[in-house]
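If you want the building blocks of each chain, they are given just below.
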Amino acid sequence: MSRDLLPPERRGNHDLPPPPGEHRDRTPPPLHDRAGSWEARHQRGTDPGHLPAALRRTPTTDPQHDLTAEPQREPTAEPRHETTAGLRRGLAAEWRRYLRAEWTKLRTASETVWLVLGIVAATVGVGLVVVLNMPCATEFCEGDPTKTGLTGIQLGQAVVAILAVLAVGGEYSTGMIHGTLAAMPRRTGVLAAKAVVVTAVIAPAAAVAVAVSALDGRHFLPADASWPSVLRATGGSVLYLMLIGLLALGVATVVRNAAAAVGVVLALLFLFPILAAAAPDPAWERHLLQVGPMTAGLAVQATTGLDKLPIGPWAGLAVTAAWAVGALVAAVITLEARDA
C-alpha cells in the first residue's frame with residue numbers, strides 16, 4: 001500500500017520536512033512497524049509514566065492524597081440550640097396561623113355578636129328581676145344578696161353553651177370542617193385554637209354580666225358581706241361560665257351536631273338538680289349535687305352559710321373544671337381517631 005493512501009494518523013512523522021542540514025530516509029517502514037508505532041504512541045498518551053509529575057495519580061491508601069477518590073465532605077451540623085430555636089419559631093408561627101383562622105371564622109359569623117349580647121342581657125336581666133322581687137324591710141337583707149343577684153347565670157350559661165357549640169357544630173353542619181382540617185392538619189391544634197378563641201370571646205361578656213349582676217344585688221339588697229367573699233363569688237362566676245363554654249365545645253366536637261350538642265349540654269347541666277330533688281335519700285341528694293357540673297360549680301357564688309353547702313366553693317368549681325377537661329379529652333380522642 002502506498003504511503004499516500006494511508007490515513008494521516010498512520011503516516012508517522014515521515015511527511016514532516018527534515019531540519020536543515022539533515023537527510024531523512026524516505027523509505028517507508030513496514031506496515032506492521034508503522035501500526036506498532038501508532039499503537040505505541042496512543043499507549044504513551046494514556047500511560048501515567050509519560051504524564052507530567054503534577055498530573056500523575058498514584059494509588060494510595062490515604063484518602064487525603066488519593067486524587068482518584070471522591071472528596072469527602074464533613075457534615076455541617078447546626079448547633080443544637082439553633083435547631084431548637086428554629087423549631088420553636090415554626091411552631092409559634094403555626095399556632096398564630098391557627099388562632100388567626102379560628103378568630104376570623106368566629107368573628108365573621110353573624111350570630112356571634114348576638115350571642116355575646118345575649119349572654120349579658122340574659123344574665124343581667126334575670127338577676128335584676130329576681131332582685132327586684134325580693135322583699136327586704138331591714139337595713140341588711142337576709143339570705144345571700146350577692147348570690148341572688150347572680151341568679152341570671154343559670155340562664156346565661158345556656159347562651160354560653162350555644163355560642164361554644166356553634167363554633168364547632170356550625171362547621172360540621174356546613175361541611176366547612178373538611179376545609180379547616182385540610183388547611184390545618186394538626187387536629188389537636190385546631191381544637192386548642194377553638195378553645196382559646198371561644199374562651200376569649202366568652203370571658204369579657206361574662207365579666208360584664210357578672211359585675212353588673214353583683215352590683216345590682218348589692219345595691220337593691222344591702223347585706224353585711226365581706227368583700228373577699230363577694231370578689232370570690234364574682235370571679236368564680238366568670239370562671240364558671242368559661243368552663244361551661246369549654247364543656248360545650250368538647251361535647252359539640254364529640255357529637256358533631258349543633259342541635260344534639262346543645263341538648264346534651266343542657267341535660268348535663270339541669271339533670272343532676274332534677275334528680276337530686278327527686279332523690280328520697282338526703283345522702284343521695286347531697287352526692288348528686290356534689291357531682292353535677294352546674295350544682296357543684298355554682299357553689300362558688302355563696303357568700304354566707306358555707307357550712308351548709310353540699311360542696312365547698314372552690315371544690316365545686318374544680319368539679320366543673322373536671323367535667324370540662326373530660327369533655328375536651330374525649331373530643332381530642334374522637335377527633336384524632338375518626339375522619340372529619
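Residues numbered from 1 in each chain as written. Predicted model: local features only at pLDDT ≥ 70, side-chain atom pairs only at ≥ 80, totals over all residues. Heavy atoms only, no water.

A. Here's a closer look at the overall build of the protein. Helix and strand counts for the protein stand at twelve helices and zero strands. Listing every helix and strand of the protein by position from the N terminus yields α-α-α-α-α-α-α-α-α-α-α-α. Within the protein, contacts between residues at least 6 apart in sequence are counted, and of these 76% link residues at least 24 apart. Entry remark: accessible area of the protein is about 19,800 Å², with carbon and sulfur atoms responsible for 63%. (Helix = DSSP H or I, 4+ residues; strand = E, 2+ residues; numbered from the N terminus. Contact = heavy atoms within 4.5 Å. Areas by Shrake-Rupley, 256 points an atom, 1.4 Å probe, with all protein chains shown as cover.)

B. Fine view of a nonpolar patch on the surface. On the surface, V113, W114 and L117 cluster together into a nonpolar patch covering about 370 Å² of accessible area. Along the polypeptide, V113 turns up in helix α3 (residues 110-132). (Patch = residues over 30% accessible without salt bridge, like charges linked within 9 Å, V, L, I, M, F, W, Y side chains within 5 Å. Salt bridge = Lys/Arg side-chain N within 4 Å of Asp/Glu carboxyl O.)

C. Looking closely at the side chain of E171. Inspection of the secondary structure puts E171 in helix α5 (residues 153-174). Relative accessible area serves as the criterion here: at 6%, E171 is assigned to the buried category. For E171, the contacting residues outside a window of four places in its chain are E102, K105, M176, I177, T180 and K194. (Buried < 20%, exposed > 50% of the residue type's maximum accessible area, 1.4 Å probe, protein only.)

D. Molecular detail of the packing of helix α8 (residues 227-255) against helix α12 (residues 313-337). At a minimum axis separation of 8 Å, α8 and α12 run at an interaxial angle of 20°. Taken as axis vectors, α8 and α12 run roughly parallel relative to one another. As for how α8 packs across α12, the hand of that crossing is left-handed. Residues belonging to the contact of α8 with α12 are distributed by class as follows: 20 nonpolar, five polar and one charged. (Axes fitted to C-alpha atoms, helices over the stretch in contact; angles between N-to-C directions. Parallel < 35°, antiparallel > 145°, perpendicular 65-115°, else oblique. Left-handed = near helix turned anticlockwise from the far one by under 90°. Nonpolar A, V, L, I, M, F, W, Y, C, P; charged D, E, K, R; others polar.)

E. Layout of the packing of aromatic side chains. Applying the stated criterion across every chain, the model contains one aromatic pair. Plain terms: the ring middles of F272 and W323 are 5.8 Å apart, the flat faces sit at 70° to each other, and that makes the pair edge-to-face. Within this pair, whereas F272 is found in helix α9 (residues 258-278), its partner W323 is found in helix α12, the two being separated by 51 residues in sequence. Owing to a relative accessible area of 14%, F272 belongs among the buried residues under this scheme. Note that R218 overlies the ring of W227, its terminal NZ or CZ placed 4.9 Å from the centroid. (Phe/Tyr/Trp six-rings, centres within 6.5 Å; stacked < 30°, edge-to-face > 60°. Lys NZ or Arg CZ within 6 Å of the ring centre and 35° of its normal.)

F. How the structure looks around the pattern of salt bridges. Inspection of every chain in the model, using the stated rule, returns five salt bridges. The residue R186 makes a salt bridge to E94 at a minimum N-O spacing of 2.9 Å. Highlighted residues: R186 in the loop between α6 (176-183) and α7 (187-220) and E94 in helix α2 (residues 80-108), separated in sequence by 92 residues. In this structure R186 comes out as partly exposed when scored by relative accessible area, which is 47%. When its relative accessible area of 17% is taken as the criterion, E94 is described as buried. Measuring nitrogen to oxygen at the nearest pair gives 2.8 Å for the salt bridge that ties E102 to K194. A residue pair is termed long-range when its members are at least 10 positions apart, and E102 in helix α2 and K194 in helix α7 qualify at 92 residues.

G. Main features of the side chain of R232. Following the sequence through the fold, R232 ends up in helix α8. In this structure, R232 is buried with no salt-bridge partner, the nearest side chain bearing the opposite charge being D144 at 7.1 Å. When near neighbours in sequence (up to four residues on either side) are disregarded, R232 contacts A299, V300, Q301, A302, T303, L306, P313 and W314. (Lys, Arg positive; Asp, Glu negative; His and termini not counted.)

H. Quick peek at the confidence of the model for the protein. Summarising the model, the protein shows a mean pLDDT of 81, and 74% of its residues fall at 70 or more. Contacts from residues 32-36, a stretch scored under 50 in pLDDT, to residues over four places away or in other chains number five contacts. The low-confidence segment residues 44-48 (pLDDT under 50) makes three contacts with residues lying over four places distant or belonging to another chain. (pLDDT = per-residue confidence, 0-100.)

I. Up close: the environment of A260. Mapped onto the elements, A260 comes out in helix α9. Of the residues examined, A260 reaches a relative accessible area of 33% and is grouped as partly exposed. Expressed as a C-alpha distance, the spacing of A260 and G169, which sit 91 residues apart in the sequence, is 9.3 Å.

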